[in-house]
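What the coordinates show
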Amino acid sequence: MTPDDTGTAAPSKTRIEYLEELGAELVERGLRVRLTLPRGQSPSLHVMNPDAAALTENILAEQGADGWWYWWSWAERIAPAADVASAADRVARVLSA
């Protein structure tokens, strides 16, 4: 929960909301996305380059002590979730043909 300007607590975004935001940015860049919700595991965003189907990746959104971040499936940070455009740029660059 984070305080808002009224002094009451406002809910923070969920993992799924962060992934949906990134997905929308990636679709604008011409990539295909699918939100996956595996039972007993964290949701992830499956991203694919439609021009090169072998270029795919699963992106995670995780909260740490320093806030929410987007992560590659190999446990490397992509960008802060607050900077969705930078995250989308980096993912699009890595998945480019």
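These remarks concern the structure in this document. Sequence positions are assigned chain by chain, starting from 1 and proceeding in written order. Per-residue local features of the predicted model are confined to residues with pLDDT of at least 70, and side-chain atom pairs are confined, for both listing and counting, to 80 or more; whole-chain, interface and lining totals are unaffected and use all residues. Neither water nor hydrogens contribute to the side-chain values; these are computed over all heavy atoms in the structure.

What follows deals with the nonpolar core. For this analysis, a nonpolar core means a set of buried residues of the types Ala, Val, Leu, Ile, Met, Phe, Trp, Tyr and Cys, connected via side-chain atoms within 4.5 Å. Three labels apply to residues, based on accessible area from a 1.4 Å probe with only protein chains included: buried if under 20% of the type maximum, exposed if over 50%, partly exposed otherwise in between. In this structure, Leu-22, Leu-26, Val-47, Ile-59, Tyr-70, Ile-78 and Val-91 are the most contacted members of the largest nonpolar core, which totals 21 residues. Listed by contribution, the elements that provide at least two residues to this core are α1 (15–28), β4 (44–49), β5 (52–64), β6 (67–71), β7 (77–80) and α2 (84–94). Here a strand is any run of E in DSSP of at least two residues, a helix any run of H or I of at least four, and the numbering for each starts at the N terminus. For this core, the leading source of residues is α2, giving five residues. Contacts are assigned to residue pairs with any non-hydrogen atoms lying within 4.5 Å of each other. Residues within four places of Val-91 in sequence aside, it is in contact with Leu-26, Val-47, Ile-59, Trp-72 and Ile-78.

Regarding α2, the residues found buried are Val-84, Ala-87, Ala-88, Val-91 and Ala-92. Each buried residue of α2 lies within a common arc of 130° when the element is viewed along its axis, so the set occupies one face. Packing partners of the buried residues in α2 comprise α1, β4, β5, β6 and β7. Here, the arc refers to the directions that run from the helix axis to the C-beta atoms.

Here Leu-26 lies in helix α1. Looking at Leu-26, the relative accessible area reads 0%, which means it is buried. Residue contacts for Leu-26: discarding those within four places in its chain leaves Leu-31, Val-33, Leu-45, Val-47, Ala-88, Val-91 and Ala-92.

This part is about the packing of α1 against α2. For every element, the axis is a line fit to its C-alpha atoms; helices are fit only across the contacting stretch, and the angle between N-to-C directions ranges from 0 to 180 degrees. For the pair α1 and α2, interaxial distance at closest approach is 9 Å and the crossing angle is 55°. One element, α1, and the other, α2, form an angle in the oblique class. The crossing of α1 and α2 is right-handed. Mapping the contact onto sequence places Glu-21, Leu-22, Glu-25 and Leu-26 in α1 and Val-84, Ala-85, Ala-87, Ala-88, Val-91 and Ala-92 in α2. Under the convention adopted here, Pro, Cys and the residues Ala, Val, Leu, Ile, Met, Phe, Trp and Tyr are nonpolar, Asp, Glu, Lys and Arg are charged, and Gly plus all remaining residues are polar. Residues belonging to the contact of α1 with α2 are distributed by class as follows: eight nonpolar, no polar and two charged. Here is the rule for angles: anything less than 35 degrees is roughly parallel, anything more than 145 is roughly antiparallel, 65 through 115 is roughly perpendicular, and the remaining ranges are oblique. By definition, turning the near helix anticlockwise from the far helix through less than a right angle yields a left-handed crossing, and turning it clockwise yields a right-handed one.

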